[in-house]
Amino acid sequence: MLEVKGMTIAEAARRTGVSVHTLRYYERAGLVVTVGRTATGRRRYQQIDLDWITICTRLRATGMPIRTIRRYAELVAAGRGNERQRLALLEAHRAEVAAQVEELRQNLAAIDHKIDVYRDRIESGDADGLWEPGAD
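Residues numbered from 1 in each chain as written. Predicted model: local features only at pLDDT ≥ 70, side-chain atom pairs only at ≥ 80, totals over all residues. Heavy atoms only, no water.

A. How the structure looks around the side chain of T16. Note that T16 resides in helix α1 (residues 9-16). Ignoring sequence-local partners within four residues, the contact set of T16 consists of L23, L50 and I53. (Helix = DSSP H or I, 4+ residues; strand = E, 2+ residues; numbered from the N terminus. Contact = heavy atoms within 4.5 Å.)

Pasting the structure below:
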């Protein structure tokens, strides 16, 4: 067996910003399938693996369930012919993320409004009129 050049799992973890534990979990969960091994069985990561891990990490950070990331990984690993399925999966997730972003934007606007109310009342010396829990 030829020695597979590349990065150790520790180096891959450092470069991707995820822990060694997370990299091992991603592999066990079927999310990372391209990692090579040395003759002694040690993982060796290539840049393509790091790029893929970054995609998985971003999908996860946006709330995509592991099972959906796994499905996406399976489609990618299967190769050509399923691009429409991959596109549909990503478009559906994008729609969910966009809805979350809009909800966060609305929540942020509500917080900004409350901040403005407090600033105005404090600056005008009229903070006594602000709502207090239990006040009649």
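B. Expanded view of the pattern of salt bridges. The full count for this structure, using the stated rule, is seven salt bridges. We note a salt bridge from R14 to E11, for which the minimum N-O separation is 2.4 Å. Highlighted residues: R14 and E11, both in helix α1, separated by three residues, approximately one helical turn. Owing to a relative accessible area of 61%, R14 belongs among the exposed residues under this scheme. In this structure, R71 engages E74 in a salt bridge whose closest nitrogen and oxygen atoms are separated by 3.7 Å. (Salt bridge = Lys/Arg side-chain N within 4 Å of Asp/Glu carboxyl O. Buried < 20%, exposed > 50% of the residue type's maximum accessible area, 1.4 Å probe, protein only.)

C. Summary view of the packing of aromatic side chains. In total, this model carries two aromatic pairs according to the counting rule given. Centre to centre, the rings of Y25 and Y26 are 6.4 Å apart; their planes meet at 55°, and the pair counts as tilted. A ring pair is formed by W52 and Y72, whose centres lie 5.5 Å apart and whose planes are at 20°; its orientation type is stacked. Within this pair, whereas W52 is found in helix α3 (residues 47-61), its partner Y72 is found in helix α4 (residues 66-78), the two being separated by 20 residues in sequence. For the pair W52 and Y72, a shared accessibility class is recorded, and that class is buried. (Phe/Tyr/Trp six-rings, centres within 6.5 Å; stacked < 30°, edge-to-face > 60°.)

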